[in-house]
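Structure assessment
Each chain, letter by letter, is given below.
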Amino acid sequence: MEGEKLPPSFATSAIHAGQEPEQWSSRAVVPPITLSLSFKQYEAGVPFGKYFYGRSGNPTRECLENCLAKLEGAKYGIVVSSGIAGVATIVHLLKAGDHVISIDDVYGGVSRYFQQLMTNFGIELTFCKMLDPQNLRAAMRPNTKLVWIETPSNPLLQVVDIKALADIAHEQEDVLVVVDNTFSSPYFQRPLELGADISYESISKYIGGHGDVVMGGIFHNNDAKAPRLRLLQKAVGATPSPFDCYLVNRGVKTLHIRMREHQKNALAIARALEKNPRISKVMYPGLESHPQYELAKRQMDGYSGMISFIIKGGMKEASNFLANVRLFILAESLGSVESLCEHPAIMTHASIPKDQREALGISDSLIRLSVGLEDKDELIADLEQALVLAVAG
């Protein structure tokens, strides 16, 4: 229809949402970094607009929050100083006596927070195998207030049905469904569109994308919870610096390009690894062999750069492999432009008790890759040479 305003694409929103030059007296195209802690008031008790103290509000941070909320399909967004600070902020919505159900295959840092800290405040915790949504129904209690989903999961790359799980959780009043969307980013998956109440992101990973910022984000459409979450951001005090917000605001402008390249490289590598006789199993949702491949196709728009695989042998072979890679860097974290590799059992998930790790399938043979943006053929060659040195032919 002539004159009709078309909704902006993801790419256009990533570049322009929250960045309007008209909001600055200078009309700066790139939002300025506002480092000031304090803002001069008109008179005592009458702040200048919405800003009066850096922890309570900052123009650079607000630009980023508005941009990311748009990408998530959210009405509200807050950013905090780390991914785990985001977990803690969400948990502060609860009180003693409440019950949390978490997916069993969950990031080690979240598991540690839930088991070693959250439960100290009288909040009950149940881990649940959510591959079958009916397991969630069986785990629900009258005092269940929070369901924590992670999909694709870390480190086993399991994909669970967000809509089915959200529908079951919402059969009971006042239950919040949170989806950790870190492995996908909002470019490949938008949990709020699938029935989740909160999309949680470790912004340090794909959204930041350059391995130089620690940050978390909470995105939602809940009018009733919005004031409380904003208060928690201010009162708990886990606010990121303006400079970090600037870095993420710059990084997110290329998120759509980077995610496509991460996926292209990862799919090529996953297919090559599937053919390698020194590997017994490859876990990547974009492979037709993945158990939840059809669900992933329905629920996601793509599959990012995260791959896990089981090397033939045990700790010795896994350690030898990690010692012999040349392009891949042995380091924790993920989602950056450079390719990383790690050993979940003794690195990212070492805080999970051994019996729990083994029950989940996080064995000494499991290796996790975060595939970056280098040349894919060179990455494949690096993995293959390290496998030859690590595992007898």
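These numbers come from a predicted model, not from an experiment.

1. Quick notes on the pairing of strand S3 (residues 124–128)
Bridge count between strand S2 (residues 99–103) and S3: 5 bridges; the pairing is parallel. Its bridge partner lying in S3, Ile-103 is registered against Cys-128. With helix H4 (residues 108–117) bridging S2 and the parallel S3, this β-α-β connection has right-handed handedness.

2. Here we look at the side chain of Ser-199
Tracing the sequence through the fold places Ser-199 in strand S6 (residues 198–202). Note on Ser-199: relative accessible area 0%, which makes it buried. Within the structure, Ser-199 has its side chain in polar contact with the side chain of Glu-72 (distance 2.9 Å). Dropping the residues within four chain positions of it, Ser-199 is found in contact with Glu-72, Val-179, Asn-181, Pro-191, Leu-192, Gly-217, Ile-218 and Phe-219.

3. Overview of the pairing of S6
In terms of burial, S6 is a largely internal element, 5 of the 5 residues being buried. On S6, burial covers both faces: Ile-198, Tyr-200 and Ser-202 on one face and Ser-199 and Glu-201 on the other are all buried. Relative to strand S7 (residues 216–220), S6 runs antiparallel, the two being bridged by 5 bridges. By the bridge assignment, Glu-201 is partnered in S7 with Gly-217.

4. Here we look at the sheet that holds strand S4 (residues 144–150)
Overall, mixed pairing links the 7 strands, which are arranged S1-S7-S6-S5-S4-S2-S3 in an open sheet. Across the chains shown, the open sheet's two edge strands, defined by having one partner strand only, are strand S1 (76–80) and S3. Taking each pair of neighbouring strands and ignoring which way they run, the sheet shows an average axis angle of 20°.

5. Structural notes on the sheet that holds strand S9 (residues 306–311)
Here 5 strands make up an open sheet; going across it, the order is S8-S9-S12-S11-S10 and the pairing mixed. Lying at the two open borders of the sheet, with one neighbouring strand each, are strand S8 (279–283) and strand S10 (329–330). Where S9 meets strand S12 (residues 366–370), 5 bridges bridge the pair, whose relative direction is antiparallel. Paired with Phe-309 across the bridge in S12 is Ile-367.

What counts, and where the lines are drawn
Residues numbered from 1 in each chain as written. Predicted model: local features only at pLDDT ≥ 70, side-chain atom pairs only at ≥ 80, totals over all residues. Heavy atoms only, no water. Pairing = 2+ DSSP bridges. Helix = DSSP H or I, 4+ residues; strand = E, 2+ residues; numbered from the N terminus. Right-handed = clockwise from strand over helix to strand, strands pointing away. Buried < 20%, exposed > 50% of the residue type's maximum accessible area, 1.4 Å probe, protein only. Polar contact = N/O pair within 3.5 Å; in protein donor to acceptor, adjacent residues only side chain to side chain. Contact = heavy atoms within 4.5 Å. Axes fitted to C-alpha atoms, helices over the stretch in contact; angles between N-to-C directions.

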